Amino acid sequence: VLDLENVTRPDRPRPSWPADDVLAGAPAAENGAFRVPPTS
Amino acid sequence: MSVETLGLTAERCVELLDAGEVSCRELAEAYLDRIDAADGELNCFLRTRREQALGEADALDRSGRSGLQGVPIALKDILCVRGEETTAGSRILEGHRPLFDAGVVTRAREAGLIPLGKTNMDEFAMGSSTEHSAFGATHNPWDRSLVPGGSSGGSAAAVAAGFAPLSLGTDTGGSIRQPAALCGVVGLKPTYGAVSRHGLIAFGSSLDQVGPFALTVRDAALALRVIAGHDSCDSTSVPLPEPVRIPDREDLRGVTLGVPADLLTQGVEPGVRASFDAALVRAEALGATVREITLPHAAHALPAYYLIAPAEASANLARFDGVRYGLRLEEPGDTVVEMYGRTRSSGFGAEVKRRIMLGTYVLSAGYYDAYYGTAQRVRTLIRRNFDEAFAQVDLIATPASPTVAFPIGARIDDPWAMYACDVLTVPVNLAGLPGISLPCGLSEGLPVGLQLIGPAFSENRILESAHALERELGFDPVPPALRETSA
């Protein structure tokens, strides 16, 4: 309809940060997840 | 060879290294020893990285070096360094060790610069005196009873005190140029997008920009050459239209400087105005044409900035909630909402809380258009004012700060007085333009900064003119008190 070209590059899947590295900086973690108090 | 680091430029460091008069290790050790000996009185550094820095220096000594390799640099603690504590001057990030290097840190490493440590700053870059650091105020090397400016006060004071020949800071509303002015060093805020913000802990994302401090304009150009350019991790960064040149111009023939008279009525101290006027006379002697211009909406920049920047900060700082990194109290509460509240109440300082609340308010339904929307429209008008001005002049000149360094504690309880420190610098951030502060003289025995502002991506034009003026002015950036101590 419009004479426009998408200039964004294609998505390139790549590994995300290792979960252990990310959790290492968290104040509390458990079973591979951030640990927080209950929501209510 | 023993190295006197006070007043030692990055260019001279390179000469010493190239000539083999000093090794990378000896140079880094000289700076680290000076920090150890003298920073207790100034508090420029939150932490140094002696072991890592000397290891990096040894590696360069073994492999051979060239260019800037082996020149030390200090980093504002808002720039992430992989695996090394990065706090942004806040208790809420105490102990935080990032997973990656900031884009500018990567570039500094690639150039062989050796980071000596992380410098003190106002918490999350919110302040103009470095008194809002959670880790104590930094003192001005010209007079320890005075502030160094902020928020990059640690980086500015470190260069003035001979703790590093180069440092990096960030400038959201003047946080490079104002402390450079108050500490008598050169500070450059690049065009928005000229330098990667990846790994810079965000304050105001449409305003933040990383830039260098140095003792000379040429050194600032050397550092800018290292850090500038596109980074695929920051989609707002772009390739520079031309490489950064190391300036060598000796005159200002053909350069027209515009002086916005309407801005100079904004609380500029008489002594600052006198130094500024004297520098303009010297610029004319070098061949520049000086003419008066108007920036009619620049007087509204400060209120617009203090709506836009807190609005962006309130969104950016929402991530600090005690879940993924940083502080969480021993007793976080029974629910996650309680944990958020306790973490943030305990972890943030008063100024950060003030700006989060202000920003949240101006973004709230019913007030958004009245405050934030209006501020954005003012921002557009300011940008147009600059466009119109640069159709008439090559560069705009103002003082970088309306005052010289003021006493520690004098403004800490008066937010509006503290915000007024930025009156001459915030218009530049709102318009996304480059600006430099170079020392142009003394008032009351303290340094005065001259700000040169240019169109977007005119860093080379700014650097050339600033270098010519610097040569003419002949300012000695070594604080007299430190020279006496060092002698």
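Quantities reported herein were computed from a predicted structural model and do not represent experimental measurements.

1. Regarding the overall build of chain A
Here is step 1 of the chain: Helix and strand counts for chain A come out as one helix and two strands.
Here is step 2 of the chain: For chain A, the sequential pattern of α-helices and β-strands runs α-β-β.
Here is step 3 of the chain: By principal-axis analysis of the C-alpha atoms, chain A measures approximately 50 × 30 × 15 Å.
Here is step 4 of the chain: Taken over 40 residues, chain A has a buried fraction of 10%.
Here is step 5 of the chain: By element, 52% of the accessible surface of chain A is carried by carbon and sulfur atoms, the whole surface being about 4,000 Å².
Here is step 6 of the chain: In chain A, 4 side chains carry a positive charge and 6 a negative one; their mean positions are 4 Å apart.

2. A word on the layout of surface pockets
Here is step 1 of the chain: Computed from the structure, the largest pocket encloses a volume of approximately 620 Å³.
Here is step 2 of the chain: For the largest pocket, the lining is made up of 27 residues, of which Cys 80, His 96, Phe 100, Arg 319 and Tyr 325 of chain B are closest to its centre.
Here is step 3 of the chain: A total of three residues in the lining of the largest pocket trace back to one element, the largest contributor, which is helix H1 (residues 19-24) of chain A.
Here is step 4 of the chain: Grouping the amino acids of the lining of the largest pocket by side-chain chemistry returns 14 nonpolar, six polar and seven charged.

3. Comments concerning the nonpolar core
Residues and elements named next belong to chain B.
Here is step 1 of the chain: Within the largest apolar cluster, 163 residues are counted, with the highest numbers of intra-cluster contacts made by Phe 124 and Ile 436.
Here is step 2 of the chain: Per-element accounting of this core gives the leading share, 10 residues, to helix H9 (residues 301-316).
Here is step 3 of the chain: What Ile 436 contacts, discounting residues up to four positions off in sequence, is Arg 177, Val 186, Gly 187, Leu 188, Val 217, Leu 450, Gln 451, Leu 452, Ile 462, Leu 463 and Ala 466.

4. Re the packing of aromatic side chains
All names here are of chain B.
Here is step 1 of the chain: With the rule as written, the count across this model stands at 14 aromatic pairs over all chains.
Here is step 2 of the chain: Between Phe 124 and Phe 320, the aromatic rings sit 5.0 Å apart at their centres with planes inclined by 40 degrees, giving tilted as the arrangement. One end of the pair, Phe 124, is in the loop between strand S3 (114-119) and helix H5 (153-160); the other, Phe 320, is in the loop between H9 and helix H10 (336-347), with 196 residues separating them in the sequence.
Here is step 3 of the chain: Residue classification places Phe 320 among the buried positions, given a relative accessible area of 5%.
Here is step 4 of the chain: With a centroid separation of 5.9 Å and 50 degrees between ring planes, the pair formed by Tyr 361 and Tyr 371 is classed as tilted. With Tyr 361 in helix H11 (residues 350-362) and Tyr 371 in helix H12 (residues 368-390), this residue pair connects regions lying 10 residues apart in the sequence.
Here is step 5 of the chain: An aromatic cluster of three or more residues is present, and its members are Phe 124, Phe 320, Tyr 325 and Phe 348.
Here is step 6 of the chain: Above the ring of Phe 406, the side-chain terminus of Arg 411 is found at 4.6 Å from the ring centroid.

5. Some thoughts on the packing of H9 of chain B against H12 of chain B
Residue and element names in this part refer to chain B.
Here is step 1 of the chain: Contact geometry of H9 with H12 gives a least axis separation of 9 Å together with a crossing angle of 125 degrees. Of the possible angle classes, the one that applies to H9 and H12 is oblique. Regarding H9 and H12, the two cross each other, and that crossing is left-handed. From H9, Ala 301, Ala 304, Leu 307, Ile 308, Ala 311 and Glu 312 reach across to H12, where they touch Tyr 371, Tyr 372, Ala 375, Gln 376, Val 378, Arg 379 and Ile 382.
Here is step 2 of the chain: Considered class by class, the residues forming the contact of H9 with H12 number 10 nonpolar, one polar and two charged.

6. Regarding the side chain of Thr 403 of chain B
Here is step 1 of the chain: Mapped onto the fold, Thr 403 of chain B is located in the loop between strand S9 (395-399) and helix H13 (415-419).
Here is step 2 of the chain: Here Thr 403 of chain B is in contact with Leu 182, Glu 269, Val 272 and Arg 411 of chain B, once residues within four sequence places are set aside.

7. Some thoughts on helix H2 (residues 24-38) of chain B
Here is step 1 of the chain: Its 15 residues give H2 of chain B an end-to-end C-alpha distance of 21 Å, which sits within 8% of 21 Å, the value for a rise of 1.5 Å per residue.
Here is step 2 of the chain: Those residues of H2 of chain B that sit buried are Cys 24, Leu 27, Ala 28, Ala 30, Tyr 31, Leu 32, Arg 34 and Ile 35 of chain B.

8. Overview of the pairing of strand S7 (residues 256-260) of chain B
Residue and element names in this part refer to chain B.
Here is step 1 of the chain: With five of its five residues buried, S7 lies for the most part within the structure.
Here is step 2 of the chain: Across the two faces of S7 the burial is the same, with Thr 256, Gly 258 and Pro 260 and Leu 257 and Val 259 all buried.
Here is step 3 of the chain: Pairing between S7 and strand S8 (residues 289-293): five bridges, direction parallel. Within S8, the residue paired with Thr 256 across the bridge is Thr 289.
Here is step 4 of the chain: As defined by bridge partners, S7 adjoins S9 across two bridges and the pair is classed as parallel. By the bridge assignment, Leu 257 is partnered in S9 with Leu 395.

9. A short note on the interface of chain B and chain A
Here is step 1 of the chain: Between chain B and chain A, the contact holds 14 residues from the first and 14 residues from the second.
Here is step 2 of the chain: Three residues, Leu 99, Arg 328 and Val 336 of chain B, lead the burial of chain B against chain A; their summed loss comes to 44% of the area buried on that side.
Here is step 3 of the chain: For the pair chain B and chain A, the number of links is zero salt bridges.
Here is step 4 of the chain: Seen at the junction of chain B and chain A, the total is three residue pairs in polar contact (both at pLDDT 80 or more).
Here is step 5 of the chain: Class assignment for the residues of the side of chain B that touches chain A results in seven nonpolar, four polar and three charged.

10. Here we look at the sheet that holds S9 of chain B
Residues and elements named next belong to chain B.
Here is step 1 of the chain: Reading across from one edge, S1-S3-S2-S4-S6-S5-S10-S11-S9-S7-S8 is the order of the 11 strands in this open sheet, with mixed pairing throughout. In the strand order of this sheet, the two ends are held by strand S1 (45-48) and S8, each with one partner. Looking at each pair of strands side by side, their axes are set apart by 30 degrees on average, direction ignored.

11. Some thoughts on the packing of helix H8 (residues 270-285) of chain B against helix H15 (residues 459-473) of chain B
Residue and element names in this part refer to chain B.
Here is step 1 of the chain: As a packed pair, H8 and H15 sit with axes 10 Å apart at the nearest point and diverge in direction by 105 degrees. By the angle between their axes, H8 is roughly perpendicular relative to H15. Taken together, the residues of H15 that come into contact with H8 (itself represented by Ala 279, Arg 282 and Ala 283) are Leu 469, Glu 472 and Leu 473.
Here is step 2 of the chain: Among the residues making up the contact of H8 with H15, the classes are represented as four nonpolar, no polar and two charged.

12. Description of a nonpolar patch on the surface
Residue and element names in this part refer to chain A.
Here is step 1 of the chain: Taken together, the side chains of Val 1, Leu 2 and Leu 4 make up a nonpolar region of the molecular surface, amounting to roughly 470 Å² of accessible area.
Here is step 2 of the chain: Looking at the secondary structure, you find Leu 4 in the segment before H1.
Here is step 3 of the chain: Residue classification places Leu 4 among the exposed positions, given a relative accessible area of 70%.

13. Thoughts on H5 of chain B
Here is step 1 of the chain: Across the eight residues that make up H5 of chain B, a large majority, eight, are buried.
Here is step 2 of the chain: One or two positions beyond H5 of chain B, positive phi appears at Gly 162 of chain B, with a value near 75 degrees.

Cut-offs used in this document
Residues numbered from 1 in each chain as written. Chains lettered and ligands numbered in written order. Predicted model: local features only at pLDDT ≥ 70, side-chain atom pairs only at ≥ 80, totals over all residues. Heavy atoms only, no water. Helix = DSSP H or I, 4+ residues; strand = E, 2+ residues; numbered from the N terminus. Buried < 20%, exposed > 50% of the residue type's maximum accessible area, 1.4 Å probe, protein only. Areas by Shrake-Rupley, 256 points an atom, 1.4 Å probe, with all protein chains shown as cover. Lys, Arg positive; Asp, Glu negative; His and termini not counted. Charge placed at Lys NZ, Arg CZ, Asp CG, Glu CD. 1 Å grid on protein atoms, 1.4 Å probe; cavity = no way out; pocket = protein on both sides within 12 Å on 5 of 7 lines; lining within 4 Å. Points joined across faces, edges and corners; volume = space filled by probe spheres on them. Nonpolar A, V, L, I, M, F, W, Y, C, P; charged D, E, K, R; others polar. Core = buried A, V, L, I, M, F, W, Y, C linked by side-chain atoms within 4.5 Å. Contact = heavy atoms within 4.5 Å. Phe/Tyr/Trp six-rings, centres within 6.5 Å; stacked < 30°, edge-to-face > 60°. Lys NZ or Arg CZ within 6 Å of the ring centre and 35° of its normal. Axes fitted to C-alpha atoms, helices over the stretch in contact; angles between N-to-C directions. Parallel < 35°, antiparallel > 145°, perpendicular 65-115°, else oblique. Left-handed = near helix turned anticlockwise from the far one by under 90°. Expected span 1.5 Å × (residues − 1). Pairing = 2+ DSSP bridges. Buried area = accessible area lost by both parts, 1.4 Å probe. Salt bridge = Lys/Arg side-chain N within 4 Å of Asp/Glu carboxyl O. Polar contact = N/O pair within 3.5 Å; in protein donor to acceptor, adjacent residues only side chain to side chain. Patch = residues over 30% accessible without salt bridge, like charges linked within 9 Å, V, L, I, M, F, W, Y side chains within 5 Å.

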